[in-house]
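A closer look at the structure
Here is how the chains run, residue by residue.
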Amino acid sequence: MSEYLNYIQLISGILSAGFVFAGIFISAKKLNPEKYEKIPVKTTIISTALIVIGILLYTLMKTCTNMTIVTEEHYELGTLYYASLEEVVKTFGFIVFIPVLFRLFKPKSQKRDQIEEDIPAETEENN
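Our subject in this report is the structure included herewith. Because the structure is predicted, anything quoted here is derived from the model rather than measured.

Turning next to the overall build of the protein. Regarding its fold elements, the protein presents 5 helices and 0 strands. The helix and strand sequence of the protein, counted from the amino end, reads α-α-α-α-α. Buried residues in the protein amount to 24% of all 127 residues. Excluding contacts between residues fewer than 6 apart, the proportion of contacts in the protein whose partners are at least 24 apart in sequence is 79%. Of the accessible surface of the protein, which amounts to about 9500 Å², a share of 63% is contributed by carbon and sulfur atoms.

This is the structure:
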């Protein structure tokens, strides 16, 4: 049984890292200061969902770790999973808000930059 837990732990850990990095990468890819656009809501939702899936997979990995540690006391699987979920949320729960923070960043408007560049050029031409 313990060798299966090791395989489950390994697979869920790798998938967890993949989902979390994919979620952050999708949001970060949409951050483009040259376009002066906000990240679309659909992209934010997709990347947040990927990160949540990654955190749940990491919780599965922590559950497998806790199952090997707590062999003497016979806890139910649900109890171990919820205890692991609480531990993971306390430690890594803030990662879910990264795509939301990327969306809240307001890019500078392109019009203000163009106006500031045009004003000095026009005053120099008038002199």
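Inspection of the secondary structure puts T63 in helix α2 (residues 41-69). Note on T63: relative accessible area 2%, which makes it buried. Polar side-chain contacts of T63 include one of 3.4 Å to the side chain of S84. What T63 contacts, discounting residues up to four positions off in sequence, is L77, L80, Y81 and S84.

Enumeration according to the criterion identifies 2 aromatic pairs in this entry. Between Y58 and F92, the ring centres sit 5.4 Å apart and the planes meet at 90°, which makes this aromatic pair edge-to-face. Of this pair, Y58 sits in helix α2 while F92 sits in helix α3 (residues 77-92), and the two are 34 residues apart along the sequence. Residue classification places Y58 among the partly exposed residues on the basis of a relative accessible area of 24%. Given a relative accessible area of 32%, F92 falls into the partly exposed group. Look at Y81 and Y82: their rings are 6.2 Å apart centre to centre, the planes differ by 70°, and that puts the pair in the edge-to-face class. By relative accessible area, which is 25% here, Y81 ends up partly exposed.

To continue, consider the pattern of salt bridges. According to the stated counting rule, one finds 2 salt bridges in the structure shown. With its nearest N and O atoms 3.3 Å apart, the salt bridge here joins K62 to E87. Pair noted here: K62 is in helix α2 and E87 is in helix α3, with a separation of 25 residues, a long-range link. Residue E87 is classed as partly exposed on the basis of its relative accessible area, which comes to 36%. Between K90 and E86 there is a salt bridge, with its nearest N and O atoms 3.5 Å apart. Linking K90 with E86, this pair stays in helix α3, spanning 4 residues, or about one helical turn. The exposure class of K90 is exposed, given its relative accessible area of 66%.

Reading the values: rules and limits
Residues numbered from 1 in each chain as written. Predicted model: local features only at pLDDT ≥ 70, side-chain atom pairs only at ≥ 80, totals over all residues. Heavy atoms only, no water. Helix = DSSP H or I, 4+ residues; strand = E, 2+ residues; numbered from the N terminus. Buried < 20%, exposed > 50% of the residue type's maximum accessible area, 1.4 Å probe, protein only. Contact = heavy atoms within 4.5 Å. Areas by Shrake-Rupley, 256 points an atom, 1.4 Å probe, with all protein chains shown as cover. Polar contact = N/O pair within 3.5 Å; in protein donor to acceptor, adjacent residues only side chain to side chain. Phe/Tyr/Trp six-rings, centres within 6.5 Å; stacked < 30°, edge-to-face > 60°. Salt bridge = Lys/Arg side-chain N within 4 Å of Asp/Glu carboxyl O.

These figures capture arrangement, not role.
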